[in-house]
Amino acid sequence: MAGSLEFIKSATISSGSSTLNITNVFSADYDVYKIVSYGISTVGTLQTDPDLRFINSSGSVVSDTDYDYAHLIMRTDDSFTEQKNTNEDEFYRFFGESVDQGVETNGQVSYIFNPFSSSSYTFATYESMVASAGLKIGMKGIGVLKQTASMTGFQVKDNTGSRPFAGGEFSVYGVK
């Protein structure tokens, strides 16, 4: 059936970890993938922005400055703002903005296009919603990894490197 989802893998962030590598999820079986995440929280009350980096077919995390992204930040306490950057080393705020302790909540849905293709750039669209300190922050964005190499997975990364995660759930689906 066209447009159906096929479950590939799920993963959970371990408490105290600043990264989570989700490997062996992208392959020649699909051109489009859906990632769903929820419950990303930090140890303590310090906030962080969970970012995404791809993992290539050699198993290396891609941290080259080949990531371009743009997203709209929709906050309940302020006007909407655009944030965009080129030649970065990750997709900033890919899984949401300002997540913190577990009593608050977040969710994210993204689509990854052509990650396994070695003749095409990898593209992404993403949406998230975060409730943080009584504030609600929605985001909607797009991104591109400007490399023509096979990507087989991705890394969830604490933006600061000093505010480890307490938890979070991730599921990856192939889109038929």
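Located above this text is the structure these notes cover.
Attention in this report is confined to the structure presented alongside it. Everything quoted here is computed from the prediction, not taken from an experiment.

## Some words on the sheet that holds strand β2 (residues 19-22)
Consideration 1: Spatially, three strands are ordered β2-β10-β4 in an open sheet, and the strand pairing comes out antiparallel. Each of the sheet's edge strands pairs with one partner strand only, and the pair in question is β2 and β4 (50-56). Within the sheet, the average angular offset between the axes of one strand and its neighbour, ignoring direction, is 20 degrees.
Consideration 2: Two elements, β2 and strand β10 (residues 151-158), share four bridges in a ladder whose sense is antiparallel. Along β10, the bridge assignment pairs threonine 19 with lysine 157.

## Structural notes on the nonpolar core
Consideration 1: By size, the foremost hydrophobic cluster in this structure holds 31 residues, and its most contacted members are Phe54, Phe95 and Phe154.
Consideration 2: For this core, the secondary-structure elements that each account for two or more residues are β2, β3 (32-42), β4, β5 (67-75), β8 (122-132), β10 and β11 (165-175).
Consideration 3: In contact with phenylalanine 154, not counting residues within four places along its chain, are Leu20, Asn21, Ile22, Val25, Phe26, Ile35, Leu52, Arg53, Phe54, Ile55, Phe95 and Val172.

## Some points on the environment of proline 50
Consideration 1: You can see proline 50 is positioned in strand β4.
Consideration 2: Sequence separation between proline 50 and glycine 96 is 46 residues, and the spatial gap between their C-alpha atoms is 6.3 Å.
Consideration 3: Setting aside residues up to four positions removed in sequence, proline 50 forms contacts with Ile40, Arg93, Phe94, Phe95, Gly96, Val99, Val156, Lys157 and Phe165.

## Some points on the pattern of salt bridges
Consideration 1: What the rule picks out here adds up to 10 salt bridges.
Consideration 2: Notably, a salt bridge pairs glutamate 90 with lysine 157, separated by 3.1 Å at the nearest N-O pair. You can see glutamate 90 sitting in the loop between β6 (81-88) and β7 (105-113) and its partner lysine 157 sitting in strand β10, a full 67 residues away along the chain.
Consideration 3: Residue lysine 157 is classed as buried on the basis of its relative accessible area of 14%.
Consideration 4: The residue arginine 93 makes a salt bridge to glutamate 97 at a minimum N-O spacing of 3.5 Å. One exposure class covers both arginine 93 and glutamate 97, and it is buried.
Consideration 5: A single network of salt bridges, built from pairs that share partners, joins Asp49, Arg75, Asp77, Arg93 and Glu97.

Conventions and cut-offs
- Residues numbered from 1 in each chain as written.
- Predicted model: local features only at pLDDT ≥ 70, side-chain atom pairs only at ≥ 80, totals over all residues.
- Heavy atoms only, no water.
- Pairing = 2+ DSSP bridges.
- Helix = DSSP H or I, 4+ residues; strand = E, 2+ residues; numbered from the N terminus.
- Axes fitted to C-alpha atoms, helices over the stretch in contact; angles between N-to-C directions.
- Core = buried A, V, L, I, M, F, W, Y, C linked by side-chain atoms within 4.5 Å.
- Buried < 20%, exposed > 50% of the residue type's maximum accessible area, 1.4 Å probe, protein only.
- Contact = heavy atoms within 4.5 Å.
- Salt bridge = Lys/Arg side-chain N within 4 Å of Asp/Glu carboxyl O.

In short, the description is geometric, and any link to function would need to be established separately.
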